[in-house]
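Residues per chain are reported as follows:
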Amino acid sequence: MLSTLMSSATPQSQPEDARTFVRVVQFMINKAAGGSIKELDGLCNIAQHWNPEQLVILLPIFYYHLDPTRIPDVVTSKDVRCIMLARYSLKGVLVTLDCVNSPKELTQAQQTISDHLISNWHRCHPWINFFYHHFFASRSPARLPGLLVTRFEALKLVVNMLMRMGLIGDSRTPHSLINTPSLHPIISQLWCMAITSKDNDFLAEADKVMGSQEQGAFQEHMSYVVQTCLDVSRPPFTNTLVDVAGGIRNLASIAFGYIRNIRSLCRKVRSGQSTNDIPQCDTDVGIPRFQLMLINCFGNCAVLLIITSQQNCALRYAYIERNLVALVLYTLRDLCQLSLRLQDDDFAKHVKKAFEEALAYIGSLVVAGPVDDVVAIVCQALRARFLPTVLQAHALIPGTGEEERMNALLISVFRSYLAFDKVLRIAGSEIEAGAESLDAVAQCNTDLLHSWNLYRNKVRRYLDLRNQIPATSIFFDRQCAAVHNSDEWHPQWDLFQCAECTVARYCSRQCQNTDWDQCHRIACKYLKAAVGPTASRYIRQSLFLLAKVEEAEIEFNQEFISQLWVTARVEHPEFQDRLVLEIDHVPHGPKDKFKFNPVSNYFHIFPEASERPWQVASEWRQSAGLHSFGLPPVVRMHEDDEIRDKPNLLFSPSTALRMAFKGHGLDTQVNDDASSIYHTGDSEPHQSS
């Protein structure tokens, strides 16, 4: 049996040499089994040139000396032989695993090698822990005669074994090697060390240990291991990662620094600066190895952001505070430009994968979470030129139709937030900066072009409406709501707001009492209903824009609403004039934009949960000479997946603001300088002296 397996590894023209080789190997196996360190090391060196079928015969001897019961608590001279045998045993295991590159397509011999590791993993991972803690992490590792294990040799042994964890074992079964909780702290510590270490000598030596001379090879290896852990064991590993990093804020800072470093290196490559003195094209497919490493690290980090933000809400908020959305987009744009510069199809495929993972992270944030967080994310993305990046990336890296439809959907999601004043201002600046160039780029795909046209047209239409609002109304949160002080500017911190509605602001208790007696006593609960149950500050700041959009939608679609009103009265004869128009500003066509429902569907908007507040508001509109179909309308706000099932419905912002502010300015059509200044965000209105 042994001679048959050895035949292909020996000189075929010399049968005597072949028989001698077989006898030598059998002798080495026997000696290694008896505890010979030299012969075990020799088997490891010989095995590097064997094929999987030949390696199978060495599996028993490589696992024989990995007995976890022989791991010492304190290393003494008596333990040297045991430790060295374990070291070369793990080296031999790694040699056998080098032939298992694709776990999805295994030969019978490769499957045998994989099964051996799975069945003997309980013997391997305690020794991995031992070598890491006693020879790499320890400040005073044992120094004994014959104990030939250096710090970086231990690092190489540990990292290479961790890399194989992701390749061996089915991640969907309990046999997955990555589900080893005792190794999670080691993985987390090595990942943090690879990213945060300022010791260039250590990092350079660690890169060499990984078998590569490129800067960042150690980071690439550990980012892959971390991504694999997150794919399989999400909540436990996320908690371990946070603990090792020193808290949520520290982990967010590490991720921020990681991506920033990738972007910095990418910009060096784009500008032609050499990152090292080695050749840049040294992969089998001709892709520059260093650039490929940047792509892999970025994609792995994007996956880390997605999974950890899904598992830990506090981490999600920390990422938003660190402005990681903008940094991800800036880095993604640089990588796309690098792909254009290299003009390599294989490299473009890697960039495309990283592109999808980065957009998946942004998409996961946008479609879930409180409205204030989502608006902050959308603003970060727009400032980082999200739309030009998406459109230009598709021109540089063509994708499948399904992927382009998903990105078109993401643009549509961004369009649904244009009713927020802050989002509209930033989007308007982007449109003004490069609408023509983006129009040309969007021609590459029908779905993208359709989404882009809807987005661009909606931005321009909403900007026209916004520019009709006087500055005194736009900046209502910087004015005292009392009528006699409506033309006086105040810093926001000098005003205090009504605790109930959180909209009206006052400069003194006297002004608040005056306004309460004049109109706020009635308007307060309607302003609160207009802000909605989430009491979002972005909705509060956008009330006048929402009011203008509400009135414009009704005016522009008045004929359709009239027909819908007649139909609704026939469908609900018991309600007749007690119907409420629901306005959804997101859909494009009027059929999906408007619908009438009985007022009972909207009782929950007011604390009374009755029809009385609606009747009072309707009577006030009639006394003010305002025409409406039935009762005052409601505006539907899309915030996240949960809200879509139970949407955030706002009481008519137009009605609430008209009731609360006599100088509301909603009937005025102006385009004053203050509105234009506020649109660009370059300055603020001057305070009165």
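Residues numbered from 1 in each chain as written. Predicted model: local features only at pLDDT ≥ 70, side-chain atom pairs only at ≥ 80, totals over all residues. Heavy atoms only, no water.

A. Representation of the overall build of the protein within the structure. What the protein contains, in helices and strands, is 33 helices and 6 strands. For the protein, with 689 residues in total, the buried portion stands at 55%. Counted over contacts in the protein with a minimum sequence separation of 6, partners at least 24 positions apart contribute 73%. (Helix = DSSP H or I, 4+ residues; strand = E, 2+ residues; numbered from the N terminus. Buried < 20%, exposed > 50% of the residue type's maximum accessible area, 1.4 Å probe, protein only. Contact = heavy atoms within 4.5 Å.)

B. Structural context of the sheet that holds strand β6 (residues 648-651). Reading across the sheet, the 4 strands line up as β4-β3-β5-β6 and stay open at both edges, with mixed pairing between neighbours. The outermost strands of the open sheet, each flanked by one partner alone, are β4 (594-598) and β6. Each adjacent strand pair in this sheet contributes to an overall mean axis angle of 30°, direction not counted. When strand β5 (residues 631-637) meets β6, the two strands line up antiparallel, connected through 4 bridges. (Pairing = 2+ DSSP bridges. Axes fitted to C-alpha atoms, helices over the stretch in contact; angles between N-to-C directions.)

C. Geometry of the pairing of strand β3 (residues 579-584). In terms of residue burial, β3 counts as a mostly covered element, since 6 of its 6 residues are buried. In terms of strand pairing, β3 meets β4 through 5 bridges, oriented antiparallel. When the sheet's bridge partners are listed, Leu-581 is paired in β4 with Phe-596.

D. Representation of the pattern of salt bridges. Per the counting criterion, the structure on display carries 17 salt bridges. For the salt bridge of Lys-91 with Asp-41, the shortest nitrogen-to-oxygen distance reads 3.4 Å. Taken together, the residues Lys-91 in helix α6 (residues 80-97) and Asp-41 in helix α3 (residues 37-47) connect sequence positions 50 residues apart. You can call Lys-91 partly exposed: its relative accessible area is 26%. (Salt bridge = Lys/Arg side-chain N within 4 Å of Asp/Glu carboxyl O.)

E. Structural view of the nonpolar core. Residues Phe-131, Leu-190, Trp-191, Phe-218 and Tyr-455 are the most contacted members of the largest nonpolar core, which totals 172 residues. Not counting chain neighbours up to four residues away, the residues in contact with Tyr-455 comprise Leu-382, Leu-387, Ile-411, Phe-414, Arg-415, Leu-418, Ala-427 and Ile-431. Cys-480, Tyr-526, Ala-529 and Phe-544 belong to the second largest nonpolar core, which has 51 residues in total. (Core = buried A, V, L, I, M, F, W, Y, C linked by side-chain atoms within 4.5 Å.)

F. Region of the structure containing the packing of helix α25 (residues 509-531) against helix α32 (residues 653-660). Remark: α25 packs on α32, axes separated minimally by 8 Å, with the N-to-C direction vectors making an angle of 155°. Taken together, the axes of α25 and α32 are roughly antiparallel relative to one another. Helix-helix and strand crossings are classified by hand; for α25 and α32 the assignment is left-handed. Contacts from Cys-519, Ile-522, Ala-523, Tyr-526, Leu-527 and Ala-530 of α25 reach α32 at Pro-653, Ala-656, Leu-657, Met-659 and Ala-660. Here the contact of α25 with α32 is composed, by residue class, of 11 nonpolar, no polar and no charged. (Parallel < 35°, antiparallel > 145°, perpendicular 65-115°, else oblique. Left-handed = near helix turned anticlockwise from the far one by under 90°. Nonpolar A, V, L, I, M, F, W, Y, C, P; charged D, E, K, R; others polar.)

G. Representation of helix α27 (residues 543-556) within the structure. Its 14 residues place the ends of α27 20 Å apart at the C-alpha level, agreeing with the 20 Å of an ideal helix rising 1.5 Å per residue. Within α27, 10 of the 14 residues are buried, leaving the element largely enclosed by the surrounding structure. Residues of α27 that are buried: Leu-543, Phe-544, Leu-545, Leu-546, Ala-547, Lys-548, Val-549, Glu-550, Ala-552 and Glu-553. (Expected span 1.5 Å × (residues − 1).)

H. Structural detail: the packing of aromatic side chains. Counting across every chain of the model gives 23 aromatic pairs. A ring pair is formed by Phe-130 and Phe-135, whose centres lie 5.8 Å apart and whose planes are at 80°; its orientation type is edge-to-face. Residue class for Phe-135 comes out buried when judged on its relative accessible area of 2%. A ring pair is formed by Tyr-602 and Trp-614, whose centres lie 6.4 Å apart and whose planes are at 55°; its orientation type is tilted. Residue Tyr-602 is found in the loop between β4 and α30 (612-623), and its partner Trp-614 is found in helix α30; the two are separated by 12 residues along the sequence. According to the relative accessible area criterion, Tyr-602 is buried, its value standing at 2%. Among the aromatic residues, those joined into a cluster by ring pairs are Tyr-132, Phe-136, Phe-152, Phe-202 and Phe-218. For Arg-151, the ring lying beneath its charged end belongs to Phe-136, and the centroid distance is 4.4 Å. When the ring centre of Phe-256 is taken as origin, the NZ or CZ atom of Arg-322, which lies over that ring, is 4.4 Å away. (Phe/Tyr/Trp six-rings, centres within 6.5 Å; stacked < 30°, edge-to-face > 60°. Lys NZ or Arg CZ within 6 Å of the ring centre and 35° of its normal.)

I. Unusual backbone geometry, seen in detail. One non-glycine residue, Arg-385, lies in the positive phi region at around 65°. By relative accessible area, which is 31% here, Arg-385 ends up partly exposed.

J. Fine view of the confidence of the model for the protein. Looking at the protein as a whole, the pLDDT averages 79, with 80% of positions reaching at least 70. Per-residue pLDDT stays below 50 along residues 274-286; that stretch engages in 24 contacts with residues further than four places along the chain or on separate chains. Between residues 640-645, whose pLDDT stays under 50, and residues either more than four places distant or in other chains, the model counts 10 contacts. (pLDDT = per-residue confidence, 0-100.)

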